[in-house]
Amino acid sequence: MEKLHIGRIIKQQLEEQKKTTVWLAQQLGCHRTNLYKIYEKPTIDTGILLRISKIIGYNFFELYGKEINTKVTDF
């Protein structure tokens, strides 16, 4: 299983919803360059991830739950 890269997944989810980086930056109250940095990161702060989840309407935390369950059963 490929390691979870949350930045790429956020970008992908945004594209699937046909929303732009500029739109998300406005919703978060930050500059778009901050989001480009997030897209490159395999992990981000949970507080930021929670805000993005609520804005986009997608529960990114479920992905971590699935990864944990997969790793637990791999033992």
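Scroll up to find the structure.
None of these values were measured; they are calculated from a predicted model.

### Focus: the packing of aromatic side chains
Applying the stated criterion across every chain, the model contains 2 aromatic pairs. Arranged with centres 6.1 Å apart and planes meeting at 75°, the rings of Tyr 36 and Tyr 39 form a pair that is edge-to-face. Taken as a pair, Tyr 36 and Tyr 39 lie in helix α3 (residues 32-40) at a separation of 3 residues, close to a single helical turn.

### Overview of the side chain of Gln 13
Tracing the backbone through its elements, the reader meets Gln 13 in helix α1 (residues 6-16). Taking relative accessible area as the criterion, Gln 13 reaches 11% and is therefore assigned buried.

### What about helix α2 (residues 21-28)?
All of the buried residues in α2 are Thr 21, Leu 24, Ala 25 and Leu 28. Down the axis of α2, the buried side of the element spans an arc of 100°, and every buried residue falls inside it. At its buried positions, α2 is contacted by α1, α3 and α4 (46-56). Just past α2, the residue Gly 29 takes up positive phi, approximately 75°.

### Structural notes on the nonpolar core
Counting 17 residues, the largest nonpolar core has Ile 10, Leu 24, Ile 52 and Phe 60 as the members making the most contacts within it. Only α1, α2, α3 and α4 provide two or more residues apiece to this core. Apart from the residues lying within four places of it in its own chain, the contact partners of Leu 24 are Ile 10, Leu 14, Leu 35, Ile 52, Ile 55 and Ile 56.

Criteria and cut-off values
- Position labels on residues start from 1 in each chain and follow its written sequence.
- A pLDDT threshold of at least 70 governs which residues receive local features in this predicted model, and a stricter bar of 80 or more applies before side-chain atom pairs are shown or counted, although totals over entire chains, interfaces and linings include all residues.
- The side-chain figures draw on all heavy atoms in the structure; neither hydrogens nor water molecules are used.
- Pairs were defined over the aromatic rings of Phe, Tyr and Trp, the Trp ring being its six-membered one, requiring ring centres within 6.5 Å. Orientation was assigned from the angle between planes: stacked under 30 degrees, edge-to-face over 60, tilted for the rest.
- A run of H or I in DSSP counts as a helix once it spans at least four residues, and a run of E counts as a strand once it spans at least two, with each numbered from the N terminus.
- Think of it in three bands: residues with accessible area under 20% of the maximum for their type are buried, residues over 50% are exposed, and the middle band is partly exposed, with areas taken using a 1.4 Å probe on protein chains only.
- Think of the arc as the fan of directions from the helix axis to the C-beta atoms.
- Should any heavy atoms of two residues lie within 4.5 Å, those residues are counted as being in contact.
- By nonpolar core we mean a set of buried residues, namely Ala, Val, Leu, Ile, Met, Phe, Trp, Tyr and Cys, connected to one another through side-chain atoms within 4.5 Å.

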